[in-house]
Amino acid sequence: MKKSFIFLFIFLLLNLGGCDTGQKTFEAQSADDASEISQKVAEDAEKTVKELDRVDDATAVSNKKDVYVHLDVRGFDRFFLKDIRKEAKDKLEAENPDGTVEVSTDKKIELELTELKQKLSDQEITRKQLEDDLKKVDKDLKAGV
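Residues numbered from 1 in each chain as written. Predicted model: local features only at pLDDT ≥ 70, side-chain atom pairs only at ≥ 80, totals over all residues. Heavy atoms only, no water.

Caption draft 1: Up close: the packing of helix 2 (residues 40–50) against helix 3 (residues 81–95). Relative orientation of the contacting elements helix 2 and helix 3 amounts to 135 degrees, with a least axis distance of 10 Å. Classed by the angle they form, the pair helix 2 and helix 3 counts as oblique. Crossing hand, helix 2 versus helix 3: right-handed. Residues Asp44, Ala45, Thr48 and Val49 of helix 2 pack against Ala88, Lys91, Leu92 and Glu95 of helix 3. By residue class, the composition of the contact of helix 2 with helix 3 is four nonpolar, one polar and three charged. (Axes fitted to C-alpha atoms, helices over the stretch in contact; angles between N-to-C directions. Helix = DSSP H or I, 4+ residues; strand = E, 2+ residues; numbered from the N terminus. Parallel < 35°, antiparallel > 145°, perpendicular 65-115°, else oblique. Left-handed = near helix turned anticlockwise from the far one by under 90°. Contact = heavy atoms within 4.5 Å. Nonpolar A, V, L, I, M, F, W, Y, C, P; charged D, E, K, R; others polar.)

Now the structure itself:
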């Protein structure tokens, strides 16, 4: 009887101690992962380029001061994509002189930015993953030039 009581006591101690340690680790990890990455620069960029006459819609994602924007241009205005991109980039650079501004009308870039924006809104991405994904977007932008 005494042996079973000691065994039960040790068993409970080990289980309770183990659960507590795991809980603290999980809380620390979830605090790092769940921290919201500010998209204020991207939201401001979207508003700015949507004000342009020939831009129908825009998608933007930012990391600190750097912003990547996709412009949706339809109809006859598609003949003037180069001018529209330059106008949007100049306007965004005037508003964000400290950061990098990249503007695209490529559909592949739109898909990548839309996916990133969704991950950010769902808080399914860390800052490191965002940086890596934006490097890929930047590489795709440079390849399209």
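Caption draft 2: Seen up close, the pairing of strand 1 (residues 57–63). Within strand 1, six of the seven residues are buried, which leaves it mostly tucked inside the rest of the structure. Pairing between strand 1 and strand 2 (residues 66–72): seven bridges, direction antiparallel. Bridging across to strand 2, Asn63 finds its partner in Asp66. Where strand 1 hands over to strand 2, the hairpin turn is made up of two residues, of which Lys64 adopts a positive phi near 60 degrees. (Buried < 20%, exposed > 50% of the residue type's maximum accessible area, 1.4 Å probe, protein only. Pairing = 2+ DSSP bridges.)

Caption draft 3: Expanded view of the side chain of Glu112. Relative to the helices and strands, Glu112 is located in helix 4 (residues 107–121). Residue contacts for Glu112: discarding those within four places in its chain leaves Lys136, Val137 and Asp140.

Caption draft 4: View of helix 5 (residues 127–143). Compared with the 24 Å implied by 1.5 Å per residue over 17 residues, the 24 Å span of helix 5 between its first and last C-alpha is a close match. Buried residues of helix 5: Leu130, Leu134, Val137, Asp140 and Leu141, and no others. End-on, the buried residues of helix 5 take up no more than an arc of 115 degrees, which puts them together on one face. Pointing more than 90 degrees away from the buried face of helix 5 are the exposed residues Lys128, Lys135, Lys139 and Ala143. On its buried face, helix 5 is in contact with strand 1, strand 2, strand 3 (101–104) and helix 4. (Expected span 1.5 Å × (residues − 1). Arc of directions from axis to C-beta.)

Caption draft 5: Representation of the nonpolar core within the structure. Counting residues in hydrophobic clusters, the biggest one holds 17 residues, and the most contacted among them are Val49, Val67, Val69, Leu71 and Leu92. Looking at this core, the elements that each hand over two or more residues are helix 2, strand 1, strand 2, helix 3 and strand 3. Sequence-distant contacts of Val49, that is, excluding residues within four places in its chain, are made with Val55, Ala58, Val69, Leu71, Ala88 and Leu92. (Core = buried A, V, L, I, M, F, W, Y, C linked by side-chain atoms within 4.5 Å.)

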